[in-house]
Amino acid sequence: MFETIQAAPPDSILGLTDAFKKDPNPNKINLGVGVYKDESGRTPILDSVKRAEAYLLENEASKTYLPINGIPEFISATQSMLFGPDYEIVVSGRAATAQTPGGTGALRVAADFIAAMMPGKRLWMSTPTWPNHPHVFTSAGLETAAYPYFDPETRGVDFEGMLAALKTIPEGDILLLHTCCHNPTGVDLSPEQWAQVAAVVSERNLLPLLDFAYQGFAEGLDADAAGLRLLAESGADMIIASSYSKNFGLYDERVGALTMVTRDADTAAAVLSQIKKRIRANYSNPPAHGGFIVSTVLNDPGLRAQWEGEVTAMRNRIRDMRHLLVETLNEKGVEQDFSFIARQRGMFSYSGLTPEQVAALRDKHSIYIVGSGRINVAGLTAANMDYLCDAIADVLGS
């Protein structure tokens, strides 16, 4: 029955990791896949996570199914992370949250909900966006479109082009926004720009869908939610897909959440019933272990304080690697201006390297970067910085 099926092309990012693993070069560097790495090049397990796991191992009494929408304590902690503990949205009950298998799972449940409840509406994504965004939404049957976002000349946001495009989006369409640490560019909207986007969302009656995968990795846990909270203040309906993969280092536990913000508590209950219907038809209920880790840490003052310190340390290391990369390239005599990398935020940077230069880095120096030139800054260390910058200087000069 399967003899005529053709092999699918490899994933543009995960395929890099496969090639990296097969490369025998001892100096090889993987700057493709989006995982945090420490100074030794490992993806660490946070101490707060290990302490929570020890507590859970000692105290868990059952492995029964979770509710369809997940752990109640996880849900309340997630809403507090997004909006603040005493924010009106939380107190009034007009937000409904479901625990999901990672941020990607949240996006797919949102896509299924939109396809079923809002037929004919298009979803608008930034140019560029996370390469998996189009796959997630089109697989659910949604039509997608694009708006300008990145300006290759300034290495910043093309806000004039973005705003002009948003003003032409048909009423009721869905607007996908990266809340912070834009993937793949690393350039974010300013508070003033968020305010202008919120005004257009209100004028055009658009439905914002916020992908919030990196809370804590730009400026801080609360600061990174500023754009989201500004949109929330307008009273608009919203969809938020959030992830604990990065800020908890729980990549393989697949811990995420989908939060629907509505006009009142009754509407939130109705929306949640439809979300649960989508979940039931897909994976029935979420995995438990990672959700219990998150809820244990966020609801224990001591563990929460330790975790916040670890998030700060990860954020600071990424920032330091940005500055060290720019400084080392300058020391190597590279004439091309890479100073914009120090101004970007989060794990990723649109480096400006061309596909030909990316290929040369891989073929000549065993340095693996996505074809677009996006690099994972968290994959840089003081130990591999000289090798990387020498390689960049070589391909730029060739």
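Below you will find a few notes about this structure. Small disclaimer: the values here were computed from a predicted structure and weren't measured.

### Here's the deal with the environment of Gly156
Stage number 1. By the secondary structure assignment, Gly156 is in strand 6 (residues 156-157).
Stage number 2. With a relative accessible area of 15%, Gly156 lands in the buried category.
Stage number 3. Sequence spacing of Gly156 and Leu107 is 49 residues, and the spatial spacing of their C-alpha atoms is 26 Å.

### Quick notes on the environment of Ala241
Stage number 1. As for its placement among the helices and strands, Ala241 is situated in strand 9 (residues 238-243).
Stage number 2. Its relative accessible area of 1% is what places Ala241 among the buried residues.

### Thoughts on a nonpolar patch on the surface
Stage number 1. Taken together, the side chains of Met1, Phe2 and Ile5 make up a nonpolar region of the molecular surface, amounting to roughly 480 Å² of accessible area.
Stage number 2. Mapped onto the secondary structure, Met1 falls in the segment before helix 1 (14-22).
Stage number 3. Looking at Met1, the relative accessible area reads 90%, which means it is exposed.

### Focus: the pattern of salt bridges
Stage number 1. Following the criterion strictly, the structure yields 16 salt bridges and no others.
Stage number 2. Arg319 serves as the salt-bridge partner of Asp320, at 3.2 Å between the closest nitrogen and oxygen.
Stage number 3. For Asp320, a relative accessible area of 38% puts it in the partly exposed group.
Stage number 4. Residue class for Arg319 comes out partly exposed when judged on its relative accessible area of 43%.

### Considerations on the packing of helix 8 (residues 191-204) against helix 9 (residues 226-233)
Stage number 1. Here helix 8 crosses helix 9 at 35°, and the two axes come no closer than 9 Å. The crossing of helix 8 and helix 9 is right-handed. On the side of helix 8, the interface is formed by Pro191, Trp194, Ala195, Ala198 and Val201, while helix 9 contributes Gly227, Leu230 and Leu231.
Stage number 2. A per-class count over the contact of helix 8 with helix 9 returns seven nonpolar, one polar and no charged.

### A look at helix 2 (residues 47-59)
Stage number 1. With 13 residues, helix 2 should cover 18 Å at 1.5 Å per step; its first-to-last C-alpha distance of 18 Å lies within 8% of that length.
Stage number 2. For helix 2, the set of buried residues is Ser48, Val49, Ala52 and Leu56. Within helix 2, the buried residues cover an arc of 95° as seen down the axis, which keeps them to one side. In helix 2, the exposed positions angled more than 90 degrees off the buried face are occupied by Leu57 and Glu58.
Stage number 3. Those residues of helix 2 that are buried lie in contact with helix 10 (245-248), helix 12 (289-298) and helix 13 (301-331).

### Comments concerning the pairing of strand 9
Stage number 1. Extensive coverage of strand 9 is indicated by the burial of six of its six residues.
Stage number 2. Residues Met238, Ile240 and Ser242 line one face of strand 9 and the alternating positions Ile239, Ala241 and Ser243 line the opposite face, and both faces are buried.
Stage number 3. Examined bridge by bridge, strand 8 (residues 207-212) and strand 9 share four bridges and lie parallel to one another. Paired with Leu210 across the bridge in strand 9 is Ile240.
Stage number 4. Regarding topology, helix 9 serves as the crossover connection from strand 8 to the parallel strand 9, and that connection is right-handed.
Stage number 5. Relative to strand 10 (residues 255-261), strand 9 is paired through six bridges, and the arrangement is antiparallel. Each residue of the ladder has a partner; that of Met238, found in strand 10, is Val261.

### Remarks on the sheet that holds strand 7 (residues 174-178)
Stage number 1. Overall, mixed pairing links the seven strands, which are arranged 2-10-9-8-7-3-4 in an open sheet. Looking at the sheet topology across the chains shown, the edges are occupied by strand 2 (95-101) and strand 4 (143-148). Sheet twist, expressed as the mean angle between neighbouring strand axes with direction ignored, is 25°.
Stage number 2. Strands strand 7 and strand 8 of the sheet are contacted by helix 8, whose axis makes an angle of about 170° with strand 7.

### Considerations on the pairing of strand 7
Stage number 1. The element strand 7 is extensively covered by neighbouring structure, given that five of its five residues are classed as buried.
Stage number 2. Here strand 7 shows a buried face lined by Ile174, Leu176 and His178 and a second buried face lined by Leu175 and Leu177.
Stage number 3. In this sheet, strand 7 lies alongside strand 3 (residues 122-127) in parallel orientation, the contact comprising two bridges. Note on strand 7: the bridge partner recorded for Leu123 is Ile174.
Stage number 4. As paired elements, strand 7 and strand 8 share five bridges and run parallel to each other. When the sheet's bridge partners are listed, Leu175 is paired in strand 8 with Pro208.

Cut-offs used in this document
Residues numbered from 1 in each chain as written. Predicted model: local features only at pLDDT ≥ 70, side-chain atom pairs only at ≥ 80, totals over all residues. Heavy atoms only, no water. Helix = DSSP H or I, 4+ residues; strand = E, 2+ residues; numbered from the N terminus. Buried < 20%, exposed > 50% of the residue type's maximum accessible area, 1.4 Å probe, protein only. Patch = residues over 30% accessible without salt bridge, like charges linked within 9 Å, V, L, I, M, F, W, Y side chains within 5 Å. Areas by Shrake-Rupley, 256 points an atom, 1.4 Å probe, with all protein chains shown as cover. Salt bridge = Lys/Arg side-chain N within 4 Å of Asp/Glu carboxyl O. Axes fitted to C-alpha atoms, helices over the stretch in contact; angles between N-to-C directions. Left-handed = near helix turned anticlockwise from the far one by under 90°. Contact = heavy atoms within 4.5 Å. Nonpolar A, V, L, I, M, F, W, Y, C, P; charged D, E, K, R; others polar. Expected span 1.5 Å × (residues − 1). Arc of directions from axis to C-beta. Pairing = 2+ DSSP bridges. Right-handed = clockwise from strand over helix to strand, strands pointing away.

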